[in-house]
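# Examination of the molecular architecture
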Amino acid sequence: MTPEEVLSQITDGIWVNKGGLRVPTEVVQALSNKEDWFDSIQPVVYSQDNLPSLKAIINYFSKSELDDEVGYASAEILQSCYGVNKVFNSKVHGDPSAVGQQKIDAIGQRPANIETYKAAVEVNNILINWKNINSSGYDNDDSVYDRIKSVEQVNKDWFSQQIEDLKTLMLNAYDSLLSQFDEQEDPVPQEVRNHFVAIREKTEQEFPSAIADFPQDNLNIVNIFQGLLDKLKEQLADALQSIKELVLGKDESKAARAEARQEHKDKSGLLKFLKSKIVNPTINGIKKLFRKAGKLLSNKEENNYKEDTIKLQFGNISSAYGAIVPVDIPTTINAIEVLKKITESILTTFILKGVQLPGVFVEALKNTTISIILKRLDIPGGEAIRYITGGLLRTVKDLLPAVFNNTGMFAGAWGLLTACAPYILAAAILVIIAIKMAKRNQLGDFILILGLLASQTEPDICCARVIGDEKMEDIQTLKEGFITETNKNYDFIYALTFKNEELARSLDISQETPVIIPEEAAITITIL
């Protein structure tokens, strides 16, 4: 679905088409504002000022291109989170993780897209300076625990309002019933009236008790009516016996019995009418409301985060990054493993730096991020990873927020993942645009090295043509030879590459890790 289609299904933060699941404000903002939202989030703002390798990746793309990427990821994250929650609740598969692994195994040996694979390896090994990112002063001071707790509390508040609305409907139904009693020509038996007055009062003042007691209260009114009918039968029997004991003529006795039976028929008919036409329809309507309220109340009372007993299970996250040794003939599983590595690195060294989470939650966030990346890059495996994630979260159900949708479906996996949506989105978008940049902005085979001291007005230059796939190594070798030959400690060194006489990827190689230069800046350098 497009961002616009997803937005059309969200009303007041509720995903109407998915049973009333709540969508985080950040996702709605991302769907609505796209690139403007992305530019405003903490990791991107920090990258622009402090992390040259990520800054170069972010600034490589135009606003409209970033709009497309942010819009896609923000729509897809909802589908991915919903898919994981659906797997979590599935009764079809006893071990969803095993099913997911089977799906991975089934596609794992298919050939990977070689360009995408090489671009991903290049992003990890060359284009992103993991060491610089990991040692930076970035710190995410969000309390993810509080974010998850808030998701649970908002859900409970929503249930409370739903319960209050149902309670109001029930009270209105009882008031309507009592008004109907007042409108009857013949007085409604006091026992019946008293019964519903008492139930109404209990519904208003002790609603949980009213829900729990409803079956017995319902049986009580049945017994009240039966008792009234039995009493009428006794009265008829007594009247007939009295007539029998009187010394009356045959015709007179017959008329008296007929009158007694008619009186019994009229009174019992009124009772049966009252029960079947007035009381029963009201009870049947209220019964549905009580049933729904009972389910809502049960969901409302279930809390995992209310008492903060699981907070101790939220711990620090260890950073993980490192070079990848590429394979010559990559398969789909090789591509997936590279993306797992990049995603884990961007999350643990940057996006989640300073955050505290259980290890299983970190894995779930990583998997959800990967599933978005895979789909955007047309690599199979996203569905399989959702199965693995759903199975993984089943093992820690007690750590998930006790969240439910309006049909009573458990939505704890949804609650967790959407509480962490800003982190997942930031990581997914950064990885996607990094790989797309690497695929689009490739190195040329003609290299121009320019060295500048702060005191120079014109650069020192050397050039070379290279052959093969080791161009980055060639640039490093050329740089080292250039510095040795000129014997200068340059303040700035740039590598501009050309392909078919067109400007290709250009790099600032002044530091240990190369940083891509935007095309406009590279053109400016060429005219120095």
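What follows is about the pairing of strand β6 (residues 446-452). Across the 7 residues of β6, 6 count as buried, placing the element largely inside the fold. The pairing of β6 with strand β7 (residues 460-465) spans 6 bridges and is classified as antiparallel. Considered in β7, the bridge of Phe446 is made with Arg465.

The next subject is the packing of aromatic side chains. According to the stated counting rule, one finds 20 aromatic pairs in the structure shown. A centroid spacing of 4.6 Å and a plane angle of 55° characterise the contact between Tyr138 and Phe350, whose relative ring orientation is tilted. With Tyr138 in the loop between α9 (130-134) and α10 (144-183) and Phe350 in helix α14 (residues 332-351), this pair connects stretches of sequence that are 212 residues apart. Of the residues examined, Tyr138 reaches a relative accessible area of 2% and is grouped as buried. A residue is classified by how much of its surface remains accessible, and Phe350, at 0% relative accessible area, is buried. Between the aromatic rings of Phe482 and Tyr490, the centroid separation amounts to 5.2 Å while the plane-to-plane angle is 5°, which identifies the pairing as stacked. For Tyr490, a relative accessible area of 9% gives the class buried.

The next subject is the sheet that holds strand β1 (residues 10-11). Strand order in the open sheet formed by 3 strands is β1-β2-β3, with antiparallel pairing between adjacent strands. The open sheet has two edge strands, β1 and β3 (21-22), and neither has a second partner. Direction of pairing for β1 relative to strand β2 (residues 14-15): antiparallel, over a ladder of 2 bridges. Within β2, the residue paired with Thr11 across the bridge is Ile14.

This next bit is on the pattern of salt bridges. Side-chain pairing between opposite charges can occur once the charged atoms of the two side chains come close. For the coordinates displayed, the defined rule picks out 22 salt bridges. For Lys436, the salt bridge identified is with Glu69, shortest N-O distance 2.8 Å. Remark: Glu69 occurs in helix α6 (residues 63-89) and Lys436 occurs in helix α18 (residues 421-440); sequence separation between them is 367 residues. Looking at Lys436, the relative accessible area reads 25%, which means it is partly exposed. Three or more residues are tied together by salt bridges with common partners; here these are Glu26, Asp142 and Arg147.

Tallied over the full model, the rule gives 3 cavities of 30 Å³ or more. In this structure, the largest cavity encloses a volume near 50 Å³. Lining the largest cavity we find Tyr174, His195, Phe196, Ile199, Phe214, Asp217, Asn218, Ile221, Ile283 and Ile286. At the level of secondary structure, the elements contributing two or more residues to the lining of the largest cavity comprise α11 (190-205), α12 (207-245) and α13 (250-301). Looking at which element gives the most residues to the lining of the largest cavity, the answer is α12, with 4 residues. Tallied by class, residues from the lining of the largest cavity come to 7 nonpolar, 2 polar and 1 charged.

Reading guide: rules and limits
Residues numbered from 1 in each chain as written. Predicted model: local features only at pLDDT ≥ 70, side-chain atom pairs only at ≥ 80, totals over all residues. Heavy atoms only, no water. Buried < 20%, exposed > 50% of the residue type's maximum accessible area, 1.4 Å probe, protein only. Helix = DSSP H or I, 4+ residues; strand = E, 2+ residues; numbered from the N terminus. Pairing = 2+ DSSP bridges. Phe/Tyr/Trp six-rings, centres within 6.5 Å; stacked < 30°, edge-to-face > 60°. Salt bridge = Lys/Arg side-chain N within 4 Å of Asp/Glu carboxyl O. 1 Å grid on protein atoms, 1.4 Å probe; cavity = no way out; pocket = protein on both sides within 12 Å on 5 of 7 lines; lining within 4 Å. Points joined across faces, edges and corners; volume = space filled by probe spheres on them. Nonpolar A, V, L, I, M, F, W, Y, C, P; charged D, E, K, R; others polar.

Worth remembering: the numbers are spatial, not functional.
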